[in-house]
Amino acid sequence: MDKTSEEMTTRYLRTSLATEFKEGRTLVERVIGSMCFFVPKANPGYEDRLHLVSEWVVEFDKNGLPGREIGLDQHGGVVLAGPNQEDYGFWLDTNMTYQDFTGESVSAETFEALWVKSEAYRNACGRA
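Below or above, wherever it landed, is the structure these notes cover. Predicted model only: the values in this text are computed from it and were never measured. Along each chain, numbering runs from 1 in the same order as the chain's sequence is written. Predicted model: local features are reported for residues with pLDDT of at least 70 only, side-chain atom pairs are reported and counted for 80 or more only, and whole-chain, interface and lining totals are derived from all residues. In computing side-chain properties, one takes all heavy atoms of the structure into account and sets aside hydrogens as well as water.

For the rest of this paragraph, the subject is the overall build of the protein chain. What the protein chain contains, in helices and strands, is three helices and five strands. Ordered by position from N to C terminus, the α and β elements of the protein chain give α-β-α-β-β-β-β-α. To sort residues, take the accessible area from a 1.4 Å probe on protein chains only and compare it with the maximum for the residue type: under 20% means buried, over 50% means exposed, and anything in between is partly exposed. Each of the 128 residues in the protein chain was classed as buried or not, and the buried ones make up 33%. Contacts between residues were defined by any pair of non-hydrogen atoms, one from each residue, lying within 4.5 Å. In the protein chain, of all internal contacts separated by at least 6 residues, the share reaching a separation of at least 24 is 71%. Helix and strand definitions follow DSSP, with helices as H or I runs of at least four residues and strands as E runs of at least two, each counted in order from the N terminus.

Position of Glu-69 among the secondary structure elements: in strand β3 (residues 66–72). Judged by its relative accessible area of 0%, Glu-69 is buried. A distance of 2.8 Å separates the side chain of Glu-69 from the side chain of Tyr-46, its partner in a polar contact. As used in this structure description, the phrase polar contact means that two N or O atoms lie within 3.5 Å; if the pair is within protein, one of them must be able to donate a hydrogen and the other to accept it, and residues adjacent in sequence are counted only when both atoms belong to side chains.

Let us look at the sheet that holds strand β5 (residues 104–105). Strand pairing follows a simple DSSP-based rule, namely that at least 2 bridges must link the two strands. Spatially, the five strands line up as an open sheet ordered β4-β3-β2-β1-β5, and their pairing is antiparallel. Because the sheet does not close on itself, it has two edges, and the strands there are β4 (78–82) and β5. The pairing of strand β1 (residues 11–15) with strand β2 (residues 55–60) spans five bridges and is antiparallel. Pairing of Arg-11 across the sheet is with Phe-60, part of β2.

Below, the discussion takes up the pattern of salt bridges. Note on definitions: salt bridges are taken to be side-chain nitrogens of Lys or Arg within 4 Å of carboxyl oxygens of Asp or Glu. Throughout the structure, instances matching the rule amount to three salt bridges. The salt bridge partner of Glu-59 is Arg-68, with a shortest N-O separation of 2.9 Å. The same class applies to Glu-59 as to Arg-68, namely buried. Each of Glu-59, Arg-68 and Glu-112 takes part in salt bridges that share partners, so that together they form one network.

The following block contains the structure:
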């Protein structure tokens, strides 16, 4: 596959980038957060679960931009996914492209199977 053809396809990648979030917020973070209550948050449903993410599976469009994302825990279980009605998406809210990521390619079928699991997870948890 030549470079032009490769850039024109949707790609999927499993990565451990941005998986070092800590559980809870410090006192300073809580105070600042309470003072900024009027500022809309891009991913309110993600905040309390980012520390659970051990790896991400990310879909990239033909331009190399993140499209959909799934956060998996250390056992491979879905802990968050977006975008959805509540959350814009962690990687969608960056200016990173496929070339900025390191990780392992996954098939479209693998991604779609995880996406179906993420929808079941969101429905079971009452999330959008």
